[in-house]
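Observations on the three-dimensional arrangement
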Amino acid sequence: SAKKDEQLYRLHIAPKFQDMGLAQISRRDVQVFHNTLLTKGQSPASADHSIKLLRRALNLAVQWEYLDKNVLRGIELFMVDNQVENYLDDDQLQRLLGVLRTDKNRMVCLILMFLLSTGARLNEALTATWKNINRDGGVWKVNALLSKSKRSRSIPLNDSALWVLDQLTSEGKSEYLFPSPVTGKPYTAITRAWYRLRKKAKVDIRIHDLRHSFASMLVSRGRSLFEVQQILGHSDPKVTMRYAHLSARALKDAANAGSVIVPSATPDLQAA
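Please read these numbers as outputs of a predicted model, since none were measured by experiment.

Some thoughts on the overall build of the protein chain
Looking only at helices and strands, one finds 13 helices and 3 strands in the protein chain. Per-residue burial for the protein chain yields a buried fraction of 39% across its 272 residues. Put simply, 57% of the contacts in the protein chain that link residues at least 6 apart link residues at least 24 apart. Of the accessible surface of the protein chain, which amounts to about 16,800 Å², a share of 52% is contributed by carbon and sulfur atoms.

This is how it looks when you write it as structure tokens:
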């Protein structure tokens, strides 16, 4: 976000580079700066964010003809895989759904059920508008400005998502699907309510893990990684590959359905 970029620049990049001209920034200086961020306690992923912002700034400088070339093009990043994914198992899912169907905070519960039904990001759901819902086509359009990839995309609305929409009373009264009952505007956060609901359901996951759980359900039911990529809106297929192990397990389960050699496969073999 712009706010995050400004924070990165002010706290980390500006103290080192604000007095230097664009043409004075060297690849070596940036690599030393990159390593220094680690010694200051930043994680590799956080350190990479500052370098990506610098690289983007120099890309724009080339585009706007302030520089002839970007010396940071292809600069090596730490690229440490620190992604954490938690998935709801069947018991956890049923406990959570039991809470979400009955808890008194209906709006937040419906938001969470919508996330579970679409695999959308939280901000996409909080800012979703009725004008972008096509019930007949079964599609929800996410505007580019609200998408993490900055590209518009269409999310298919399954029966569960359509059920959630049917429970909403905001249609015709608000432009938003999930307006706050207090302000009438989109929620800025639902963290406190989520902590209470997940404690009640006895599940220890993040809101973003609902997206991972949706993806795992798709993969475990035999959907391809390409289909998952399209539904989740990943611009890079490498991001979707985090679910490859689930795909391999689904294929193994499918193959086991045709197993005829091991004794447990058929009663006849066991008797023999």
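Text resumes after the structure shown.
Details of the packing of helix α4 (residues 90-102) against helix α8 (residues 191-201)
With their axes 8 Å apart at the nearest point, α4 and α8 run at an angle of 125° to one another. When the interaxial angle is binned, α4 and α8 end up oblique. The two elements α4 and α8 meet at a crossing, and its hand is right-handed. Residue-level contacts link Arg 95, Leu 96, Val 99 and Leu 100 of α4 to Trp 194, Leu 197, Lys 200 and Ala 201 of α8. The residue inventory of the contact of α4 with α8, partitioned by class, reads 6 nonpolar, no polar and 2 charged.

With respect to the pattern of salt bridges
The full count for this structure, using the stated rule, is 10 salt bridges. In this structure, the salt-bridge partner of Arg 196 is Asp 103, at a minimum N-O distance of 2.8 Å. Of this pair, Arg 196 sits in helix α8 while Asp 103 is found in the loop between α4 and α5 (106-118), placing the two residues 93 residues apart along the sequence. For Asp 103, a relative accessible area of 2% corresponds to the buried category. A salt bridge links Glu 171 to Arg 135; the nearest nitrogen and oxygen atoms lie 3.3 Å apart. Residue Glu 171 is located in the loop between α7 (159-167) and α8, and its partner Arg 135 is located in the loop between β1 (133-134) and β2 (139-142); the two are separated by 36 residues in the primary sequence. On the basis of relative accessible area, Glu 171 is assigned to the partly exposed category, the value being 46%.

Concerning helix α2 (residues 27-39)
The α-helix advances 3.6 residues per turn, and as a result positions three or four apart in sequence lie on the same side. Under the 1.5 Å per step criterion, the end-to-end length of α2 is 19 Å for 13 residues, consistent within 8% with the ideal 18 Å. Along α2, the residues that are buried comprise Val 30, Phe 33, His 34 and Leu 37. The buried residues of α2 all sit within an arc of 105° when viewed along its axis, so they share a single face. Within α2, the exposed residues directed more than 90 degrees away from the buried face are Arg 28 and Thr 39. Residues of α2 that are buried in the fold lie against α1 (2-17) and α3 (44-63). Among the residues trailing α2, Gly 41 stands out with phi positive, at a value near 100°.

A few points about the packing of aromatic side chains
Enumeration over the complete set of coordinates arrives at 3 aromatic pairs. Taking 5.2 Å as the distance between ring centres and 80° as the angle between the ring planes, the aromatic pair formed by Phe 17 and Phe 33 counts as edge-to-face. With a gap of 16 residues between them, Phe 17 in helix α1 and Phe 33 in helix α2 connect regions that are remote in the sequence. Judged by relative accessible area, which is 6%, Phe 33 ranks as buried.

Here's the deal with the packing of α5 against α8
Where α5 contacts α8, the axes come no closer than 11 Å and their chain directions differ by 80°. Relative to α8, the element α5 lies roughly perpendicular. When α5 is examined against α8, the residues Val 108, Cys 109 and Leu 112 are found in contact with a partner set consisting of Ala 193, Trp 194 and Leu 197. A class-by-class count of the residues in the contact of α5 with α8 yields 6 nonpolar, no polar and no charged.

So, the environment of Asn 105
With respect to the secondary-structure elements, Asn 105 resides in the loop between α4 and α5. Overall, the relative accessible area of 25% leaves Asn 105 in the partly exposed class. Residues contacting Asn 105, with those up to four places away along its chain left out, are Ala 193 and Arg 196.

Considerations on the sheet that holds β2
Within the open sheet, the 3 strands sit side by side as β1-β2-β3. Their pairing is antiparallel. Each of the sheet's edge strands pairs with one partner strand only, and the pair in question is β1 and β3 (153-156). Sheet topology places β1 next to β2; 2 bridges connect them, and they run antiparallel. By the bridge assignment for β2, Asn 134 is matched with Val 139.

Quick word on the pairing of β3
Every second residue of β3 is oriented toward a common face, the buried set being Arg 153 and Ile 155 and the non-buried set Ser 154 and Pro 156. Two elements, β2 and β3, share 4 bridges in a ladder whose sense is antiparallel. For Lys 141, the partnering residue across the bridge sits in β3 and is Ser 154.

Cut-offs and rules
Residues numbered from 1 in each chain as written. Predicted model: local features only at pLDDT ≥ 70, side-chain atom pairs only at ≥ 80, totals over all residues. Heavy atoms only, no water. Helix = DSSP H or I, 4+ residues; strand = E, 2+ residues; numbered from the N terminus. Buried < 20%, exposed > 50% of the residue type's maximum accessible area, 1.4 Å probe, protein only. Contact = heavy atoms within 4.5 Å. Areas by Shrake-Rupley, 256 points an atom, 1.4 Å probe, with all protein chains shown as cover. Axes fitted to C-alpha atoms, helices over the stretch in contact; angles between N-to-C directions. Parallel < 35°, antiparallel > 145°, perpendicular 65-115°, else oblique. Left-handed = near helix turned anticlockwise from the far one by under 90°. Nonpolar A, V, L, I, M, F, W, Y, C, P; charged D, E, K, R; others polar. Salt bridge = Lys/Arg side-chain N within 4 Å of Asp/Glu carboxyl O. Expected span 1.5 Å × (residues − 1). Arc of directions from axis to C-beta. Phe/Tyr/Trp six-rings, centres within 6.5 Å; stacked < 30°, edge-to-face > 60°. Pairing = 2+ DSSP bridges.

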